[in-house]
Amino acid sequence: MSKIVVISGHPNHNESMANSKIIHILGALNNTHIRCLDDLYPDYKIDIPTEQAALIDADLIIFQFPLYWSTYPAIMKKWFDDVFTYNFAFGPEGDKLKNKKVILSITAGATAESYSEEGFNFMPLDDYLESALHPLKAAQVNIVDSIVTFNMNSDANEGGNVDTVNHLVVEHADRVKAAISHTINR
């Protein structure tokens with residue numbers, strides 16, 4: 001049976017409607033281990049050997065995070081900075097993650113249309129993610145799927161809608177589960 005590790009990069013998943021529900025759904029899957037960075041490292045002091053061991057042990061890695069200014073939140077950036085080290089994720093002996101299967105699971109409060117040259121975010125999402133994905137590319141992982149769901153804003157003061165988010169969470173989680181199934185049954 002494949003070992004799945006989910007790295008949750010939400011800075012406070014207990015206050016998140018979308019990401020906390022997605023994590024809950026994924027956590028119910030067999031042989032899935034959830035690593036909520038905000039719970040594990042509220043002080044941002046990452047246990048590098050433990051995190052590296054979790055990645056090495058996994059057959060499939062899922063990065064679950066909300067877009068924060070069109071990239072991952074600070075705690076996930078710090079995690080990448082600390083964990084993806086020379087001779088672990090890159091460098092002459094940095095092949096420890098080479099060919100590991102990865103699924104990106106991303107939530108965005110904004111609309112898909114806002115990620116364009118004419119939109120609020122000024123560029124397509126892929127342009128923003130290019131630099132964010134650099135550590136994964138350097139580590140030579142195999143990104144098997146990227147699942148992005150927009151309109152994941154439940155705050156009515158910001159134009160969000162709880163019912164819409166609840167519906168989108170289920171759709172998003174179903175897409176992630178389908179990607180998992182497809183990946184581990186190859």
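Residues numbered from 1 in each chain as written. Predicted model: local features only at pLDDT ≥ 70, side-chain atom pairs only at ≥ 80, totals over all residues. Heavy atoms only, no water.

Asks: Whenever I open this one, helix α7 (residues 162-184) confuses me. Can you help?
Replies: Every α-helix carries 3.6 residues per turn, so stepping three or four residues along brings you back to the same face. Compared with the 33 Å implied by 1.5 Å per residue over 23 residues, the 33 Å span of α7 between its first and last C-alpha is a close match. Three or more residues of α7 are buried, namely V165, L168, V169, H172, A173, V176, A179, I180 and T183. Its buried side turned inward, α7 meets β1 (4-8), α1 (18-27), β3 (60-66), β4 (101-107) and β5 (142-149). (Helix = DSSP H or I, 4+ residues; strand = E, 2+ residues; numbered from the N terminus. Expected span 1.5 Å × (residues − 1). Buried < 20%, exposed > 50% of the residue type's maximum accessible area, 1.4 Å probe, protein only. Contact = heavy atoms within 4.5 Å.)

Asks: Explain unusual backbone geometry here, please?
Replies: Peptide bonds are mostly trans, and most non-glycine residues show a negative phi. At N87, a position not held by glycine, the phi torsion is positive, near 65°. Along the chain, the position of N87 falls in the loop between α4 (74-83) and β4.

Asks: For this particular structure, what's the right way to read the packing of helix α3 (residues 48-57) against α4?
Replies: Any two packed helices are characterised by the angle at which their axes cross and by the distance between the axes. Between α3 and α4, whose axes approach to 10 Å, the crossing angle comes to 90°. Considered as vectors, α3 and α4 are oriented roughly perpendicular to each other. Contacts between α3 and α4 involve I48, E51, Q52 and L55 from the former and W79, D82 and V83 from the latter. Tallied by class, residues from the contact of α3 with α4 come to four nonpolar, one polar and two charged. (Axes fitted to C-alpha atoms, helices over the stretch in contact; angles between N-to-C directions. Parallel < 35°, antiparallel > 145°, perpendicular 65-115°, else oblique. Nonpolar A, V, L, I, M, F, W, Y, C, P; charged D, E, K, R; others polar.)

Asks: How do you make sense of the sheet that holds β1 when you look at a structure like this?
Replies: Two strands in a sheet stick together by hydrogen bonds in their backbones, pointing the same way (parallel) or opposite ways (antiparallel). In space, the five strands of this open sheet follow the order β2-β1-β3-β4-β5, with parallel pairing throughout. Only two strands of the sheet have a single neighbouring strand rather than two, namely β2 (32-36) and β5. For this sheet, the mean angle separating the axes of adjacent strands, direction not counted, is 15°. When β1 meets β2, the two strands line up parallel, connected through five bridges. Within β2, the position partnered with S8 by the bridge is C36. Of the strands in this sheet, β1, β3, β4 and β5 touch α7, which is tilted by about 165° from β5. (Pairing = 2+ DSSP bridges.)

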